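One-letter residues, chain by chain:
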Amino acid sequence: MLTARLKRLGLNEGDRVLDLGCGEGRHVHGLYLMGNLKIIGVDLNETSLKKAEEGLATLPKPARDDAGEVAFETGDATALRFEDNTFDAVICSEVLEHLPDYHAALAEMHRVLKPGGRLCVSVPHAWPERICWQLAPPPNGYAFEPGGHIRIFDEVDLKVSVQRHGFKLFGRHHAHGIHVPYWWLKCAFWDREDDHPLAKAYHSFLVWDLMKRPWITRALDAVISPFMGKSLVLYFNAVKVS
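So, here's what we can say about the structure. (Residues numbered from 1 in each chain as written. Predicted model: local features only at pLDDT ≥ 70, side-chain atom pairs only at ≥ 80, totals over all residues. Heavy atoms only, no water.)

## Notes on the overall build of the protein
Working step 1: Helix and strand counts for the protein come out as eight helices and seven strands.
Working step 2: Taken over C-alpha atoms, the radius of gyration comes to 18 Å for the protein, in line with the 18 Å a tight globule of 242 residues would show.
Working step 3: Structurally, the protein occupies a C-alpha span of about 50 × 40 × 35 Å along its principal axes.
Working step 4: In the protein, buried positions account for 49% of the 242 residues.
Working step 5: In the protein, 79% of the contacts between residues at least 6 apart in sequence involve partners at least 24 apart.
Working step 6: Of the roughly 12,400 Å² of accessible surface on the protein, a fraction of 56% belongs to carbon and sulfur atoms.
Working step 7: Of the side chains in the protein, 28 bear a positive and 31 a negative charge, and the two mean positions are spaced by 6 Å. (Helix = DSSP H or I, 4+ residues; strand = E, 2+ residues; numbered from the N terminus. Rg over C-alpha atoms; globule rule 2.2 N^0.38 Å. Buried < 20%, exposed > 50% of the residue type's maximum accessible area, 1.4 Å probe, protein only. Contact = heavy atoms within 4.5 Å. Areas by Shrake-Rupley, 256 points an atom, 1.4 Å probe, with all protein chains shown as cover. Lys, Arg positive; Asp, Glu negative; His and termini not counted. Charge placed at Lys NZ, Arg CZ, Asp CG, Glu CD.)

## Digging into the sheet that holds strand E7 (residues 231-238)
Working step 1: Read from one edge of the open sheet, seven strands run E3-E2-E1-E4-E5-E7-E6, paired in mixed fashion. Sheet topology places strand E3 (69-74) and strand E6 (167-175) at the edges, where each strand pairs with a single neighbour. Looking at each pair of strands side by side, their axes are set apart by 15 degrees on average, direction ignored. (Pairing = 2+ DSSP bridges. Axes fitted to C-alpha atoms, helices over the stretch in contact; angles between N-to-C directions.)

## A word on the packing of aromatic side chains
Working step 1: Counted under the stated rule, the structure contains 11 aromatic pairs.
Working step 2: Judged by centre distance (5.0 Å) and plane angle (85 degrees), the ring pair of Phe-82 and Phe-87 falls under edge-to-face. Accessibility assignment for this pair places Phe-82 and Phe-87 in one class, buried.
Working step 3: Residues Phe-170 and Tyr-235 carry aromatic rings whose centres are separated by 6.0 Å and whose planes lie at 45 degrees to one another, so their mutual orientation is tilted. Taken together, the residues Phe-170 in strand E6 and Tyr-235 in strand E7 connect sequence positions 65 residues apart.
Working step 4: Looking at Phe-170, the relative accessible area reads 28%, which means it is partly exposed. (Phe/Tyr/Trp six-rings, centres within 6.5 Å; stacked < 30°, edge-to-face > 60°.)

## Regarding the pairing of strand E1 (residues 16-20)
Working step 1: Of all the five residues making up E1, four are buried; the element is thus mostly covered by neighbouring parts of the structure.
Working step 2: In terms of strand pairing, E1 meets strand E2 (residues 38-43) through five bridges, oriented parallel. Within E2, the position partnered with Leu-20 by the bridge is Val-42.
Working step 3: Handedness of the crossover joining E1 and E2 through helix H1 (residues 26-34) is recorded here as right-handed.
Working step 4: Looking at chain direction, E1 and strand E4 (residues 87-93) are connected through three bridges and run parallel. Looking across to E4, one finds that Asp-19 is bridged to Ile-91. (Right-handed = clockwise from strand over helix to strand, strands pointing away.)

## Here's the deal with unusual backbone geometry
Working step 1: With an omega dihedral of 10 degrees, the bond running from Pro-138 to Pro-139 counts as a cis peptide bond.
Working step 2: Structurally, Pro-139 is set in the loop between helix H4 (126-135) and helix H5 (155-163).
Working step 3: The backbone of His-176 shows a phi angle near 70 degrees, a positive value even though the residue is not glycine.
Working step 4: For His-176, the location among the structural elements is in the loop between E6 and helix H6 (180-188).
Working step 5: On the accessibility criterion, His-176 (11% relative accessible area) is buried.
Working step 6: Although it is not a glycine, Arg-213 adopts a positive phi angle of roughly 50 degrees.
Working step 7: Relative to the elements of secondary structure, Arg-213 occurs in the loop between helix H7 (197-212) and helix H8 (215-228).

Below, the structure is given as structure tokens:
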């Protein structure tokens, strides 16, 4: 289930790509299947990184992959170990809403990107996210779990914040429209965790859609995502100041 449209990154064989906050590796796996890319997935959660490695091992080898490399490692988005101008592209998907100092993370992304390198940032879409916060309020609700969401980004605020760190916007879209009702159901029955029949049924539907990808749900998702997608996705070029 990819949130970023990887072709928008304009990648060429041998390019270096950082998936910052890679979680269980969905974007790393998608990049790997493109072939001949040097990919690093970074996350603070060692359990998620282990699952990412296990998932990678189940994937078929790309048809063209003479020089591809994949590595996973723990790391802090606000203090990356990489040298300046290391990567051709950076993906940071569903991460900034968790970080107390997201400006430090944006500064690090700009530092490690090459001049003209591309950045894909995604965050929860503001108005569906606000409904989640209302349906599962404090003190133990949706946004108040340890490591959970600590802010809601409006699109203009996010765009301006990223651009202030030396980036220029070149594309945008929303993603995962049919996933929004699941999160509303989950939040409406938050105390039941994942065992409410409605939430379980909708989750089963999403898994079926992910595995089978029938045209009717793909068409529905394409129609509703522009106005109620779960994620807002923005694409930037890194502008280096001499």
